[in-house]
Amino acid sequence: MKNYPPRFTADAVALYQSRPEATIRQVATDLGINPETLRNWVRDVGASRPRGRRAEPAAEPPTPSEAENAALRKKVRELEEEREILRKAAKYFAGETRW
């Protein structure tokens, strides 16, 4: 049984919460951990993600370029967060335990 630092577990749960379209299995695979381990961390923290669509105020529909820009900005944020967690995990597994 592996012991993970508290910072890594918190980051893993935060990554799961930040990606509403991803499953626990997908996030765990990205991080190289067992899905049940991540599921237990999420359960222990009491983390949840909103279910269904949130009601949004009626507004003008975005233009195609605005919609694309918003989607790209969201993807960049997700990738930056994933990169940071993976960078920390690589340091941890390489023996550098400084989180």
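Since we're looking at a predicted model, the values are computed, not measured.

Rules and cut-offs
- Residues numbered from 1 in each chain as written.
- Predicted model: local features only at pLDDT ≥ 70, side-chain atom pairs only at ≥ 80, totals over all residues.
- Heavy atoms only, no water.
- Axes fitted to C-alpha atoms, helices over the stretch in contact; angles between N-to-C directions.
- Helix = DSSP H or I, 4+ residues; strand = E, 2+ residues; numbered from the N terminus.
- Parallel < 35°, antiparallel > 145°, perpendicular 65-115°, else oblique.
- Contact = heavy atoms within 4.5 Å.
- Salt bridge = Lys/Arg side-chain N within 4 Å of Asp/Glu carboxyl O.
- Buried < 20%, exposed > 50% of the residue type's maximum accessible area, 1.4 Å probe, protein only.
- Left-handed = near helix turned anticlockwise from the far one by under 90°.
- Nonpolar A, V, L, I, M, F, W, Y, C, P; charged D, E, K, R; others polar.
- Lys, Arg positive; Asp, Glu negative; His and termini not counted.
- Arc of directions from axis to C-beta.

(A) Structural context of the packing of helix α1 (residues 6-18) against helix α3 (residues 35-45). At their nearest, the axes of α1 and α3 sit 10 Å apart, and the two run at 90 degrees to each other. Comparing the axis directions of α1 and α3 gives the class roughly perpendicular. Counting all contacts with α1, which are made through Phe8, Thr9, Ala12, Val13 and Tyr16, the residues of α3 involved are Leu38, Trp41, Val42 and Val45.

(B) Looking closely at the pattern of salt bridges. Scanning the model with the defined rule gives 7 salt bridges in all. We note a salt bridge from Lys88 to Asp11, for which the minimum N-O separation is 3.3 Å. Highlighted residues: Lys88 in helix α4 (residues 64-93) and Asp11 in helix α1, separated in sequence by 77 residues. Lys88 sits in the buried class, given a relative accessible area of 14%.

(C) Representation of the environment of Phe8 in the model. When you line up the elements, Phe8 lands in helix α1. For Phe8, a relative accessible area of 1% puts it in the buried group. Put simply, Phe8 and Leu31 are 23 residues apart on the chain and 10.0 Å apart in space, counted from C-alpha to C-alpha.

(D) Spatial organisation of the side chain of Thr9. Of note, Thr9 is situated in helix α1. Excluding its chain neighbours within four sequence positions, the residues that come into contact with Thr9 are Tyr4 and Trp41.

(E) Structural view of the packing of helix α2 (residues 24-31) against α3. Contact pair α2 / α3: the axes reach a minimum separation of 8 Å and the direction vectors enclose 115 degrees. The angle between α2 and α3 falls in the class roughly perpendicular. In the packing of α2 onto α3, the handedness of the crossing is right-handed. Listed contacts from α3 to Ile24, Arg25, Val27 and Ala28 of α2 are Pro35, Leu38 and Arg39. For the contact of α2 with α3, a count of residues per class yields 5 nonpolar, no polar and 2 charged.

(F) Here's a closer look at the side chain of Glu78. In this fold, Glu78 is placed in helix α4. For the buried Glu78, no salt bridge exists, and the shortest N-O distance to an oppositely charged side chain is 4.1 Å, to Lys75. Those residues within four positions of Glu78 in sequence are excluded, and the remaining contacts are Ser18, Arg19 and Glu21.

(G) Fine view of α2. What α2 keeps buried is the set Ile24, Val27, Ala28 and Leu31. The arc that holds every buried residue of α2, seen down its axis, measures 100 degrees, which confines them to one face. Facing away from the buried side of α2, by more than 90 degrees, are the exposed residues Arg25 and Thr29. Buried positions along α2 lie against α1, α3 and α4.

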